[in-house]
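# Overview (structure and organization)
For reference, the chains in residue letters:
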Amino acid sequence: MPPGITLAADTPTLSAANTGFMLICSALVMIMTPGLAFFYGGMVRVKSTLNMLMMSFISLGIVTILWVLYGFSAAFGTDHGSLIGWSSDYVGLSGIGLTQLWDGYTIPIYVFAVFQLMFAIITPALISGALADRVKFSAWALFITLWATLVYFPVAHWVWGTGGWAFDLGVIDFAGGTAVHINAGAAALGVILVIGKRVGFKKDPMRPHSLPLVMLGAGLLWFGWFGFNAGSWLGNDDGVGALMFVNTQVATAAAMLAWLIYEKIRHGACTTLGAASGAVAGLVAITPSGGSCSPLGAIAIGAIAGVLCAMAVGLKYRFGYDDSLDVVGVHLVGGVIGSLLIGFFATGGGQSDAQGLFYGGGLTQLWKQLAGVGAVLAYSLVVSAILAFLIDKAIGMRVSEDDEVSGIDQVEHAETAYDFSGAGGGTVLRSAAPGPGLVDGAAAQTKKVDA
């Protein structure tokens, strides 16, 4: 995303076409957060479904208010020390004219602000998948508030804000490989290292309770991602957004196929969960790189990400960290892959003239990408772990073990995702202890008795 690049030598004027396009893209990015909620919600056990949905939805509320009050100013205001932005006119979005344009572009500041808001919303929501089944909802809401303020807003300024150190260094991140996916994946790892594993990790079956919900969520993410990626050029004047649109589709398809091939070779079956996860891995990897590579490069990036992310999701069992829904394996690893492969596949004919190793550019761009990846990963990991530790000491991050076993939905939200009380005609469903081999959750832990 290039907020400091002027599209033409003449002073830009408001473009109704670009403005309308960006409003549509903003709505597409917004629908990704409910899509993520369905994606994650289907992957957990029945007893955690609503909590998983709410961990995404609450970000829509909290981050929106923070963004209006000070987040937009901190991320995209006047640079201070290459680390943070601040402009009083952006506080409360109160000093912005209706037709005042984003510097160098043909869209109003309000449009740019709302588009960027949707990125700020989904990034902390991504973290929630690593924490399934065990985090207090109040602690999660507090974590989102602090994390957005201390991590997301500054990192967004580093990467996309005029004057940010990564922006000035020339780190390429078209739509969020570092600022969104590495940022969220590293944060997830930092938090789970503090709060520990779920009860029964590596022992109890923790299979997805609804693969149709997972596929619905993946479809909404894939659909919304076109706005996420193609919209990040902030207009349609030179074809770069169109290139990104094409590469988004191409890389996602390649990653899905690569994941399924790996799965078939490794485990003997092509699963629906693998198809959904592979697609998301491709979307993640092309997010930073799609504006700088060709469609053939996008195929390579997607295929590499599909295989490596499929391999990475198993690392949690080897190293013992409980990343519930593979946020580290898909978003952190996929973001790193997509960001670093720019150093190999950048053609110099897309969003900038920077060329990768395979196109005669040497290792210059790769070193820049490494600097951006390393800094964001380290900062987010450390600060997120500190925030989780402090919140845990202050109010406790986790529900009790008994509450986790009985079901976080009922404890935290006083609801259950599915009501079976009227099922079976003349029978009712009464809770029973889970037996060996059963999937956890209400649907798999019931037995019929006479009414």
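Residues numbered from 1 in each chain as written. Predicted model: local features only at pLDDT ≥ 70, side-chain atom pairs only at ≥ 80, totals over all residues. Heavy atoms only, no water.

### Details of unusual backbone geometry
- Unlike most non-glycine residues, Asp326 shows phi in positive territory, near 65°.
- Relative to the assigned elements, Asp326 resides in the loop between helix H11 (315-319) and helix H12 (327-345).
- In this structure Asp326 comes out as buried when scored by relative accessible area, which is 17%.
- Here the phi dihedral of Ala414 falls at roughly 55°; this positive angle occurs in a residue that is not glycine.
- Mapping Ala414 onto the fold places it in the loop between helix H15 (408-413) and strand S3 (427-431).
- Taking the relative accessible area as the measure of exposure, Ala414 reaches 59% and is therefore exposed. (Helix = DSSP H or I, 4+ residues; strand = E, 2+ residues; numbered from the N terminus. Buried < 20%, exposed > 50% of the residue type's maximum accessible area, 1.4 Å probe, protein only.)

### Thoughts on the nonpolar core
- Counting residues in hydrophobic clusters, the biggest one holds 120 residues, and the most contacted among them are Trp67, Phe72 and Leu131.
- At 15 residues, helix H4 (residues 137-160) tops the list of elements feeding residues into this core.
- Residues in contact with Leu131, not counting those within four places in the same chain, are Met55, Trp140, Val191, Ile192, Ile195 and Ser324. (Core = buried A, V, L, I, M, F, W, Y, C linked by side-chain atoms within 4.5 Å. Contact = heavy atoms within 4.5 Å.)

### Quick notes on the packing of aromatic side chains
- For the structure shown, the criterion picks out 26 aromatic pairs.
- Plain terms: the ring middles of Phe39 and Tyr40 are 6.0 Å apart, the flat faces sit at 40° to each other, and that makes the pair tilted.
- The buried category is assigned to Phe39, whose relative accessible area is 5%.
- One aromatic cluster in this structure is built from Trp67, Tyr70, Phe72, Phe76, Tyr90, Trp102, Phe112, Tyr152 and Phe153. (Phe/Tyr/Trp six-rings, centres within 6.5 Å; stacked < 30°, edge-to-face > 60°.)

### Details of the pattern of salt bridges
- Overall, the coordinates contain five salt bridges when judged by the stated rule.
- Ionic pairing is found between Arg198 and Asp133, a salt bridge with its closest N-O pair at 3.3 Å. Here Arg198 is found in the loop between helix H6 (177-195) and helix H7 (211-230), whereas its partner Asp133 is found in the loop between helix H3 (109-127) and H4, with 65 residues between them in sequence. Per residue, the accessibility class of Arg198 equals that of Asp133, and both read buried.
- With a shortest N-O distance of 2.8 Å, Arg198 and Asp322 are connected by a salt bridge. Residue Arg198 is found in the loop between H6 and H7, and its partner Asp322 is found in the loop between H11 and H12; the two are separated by 124 residues along the sequence. (Salt bridge = Lys/Arg side-chain N within 4 Å of Asp/Glu carboxyl O.)

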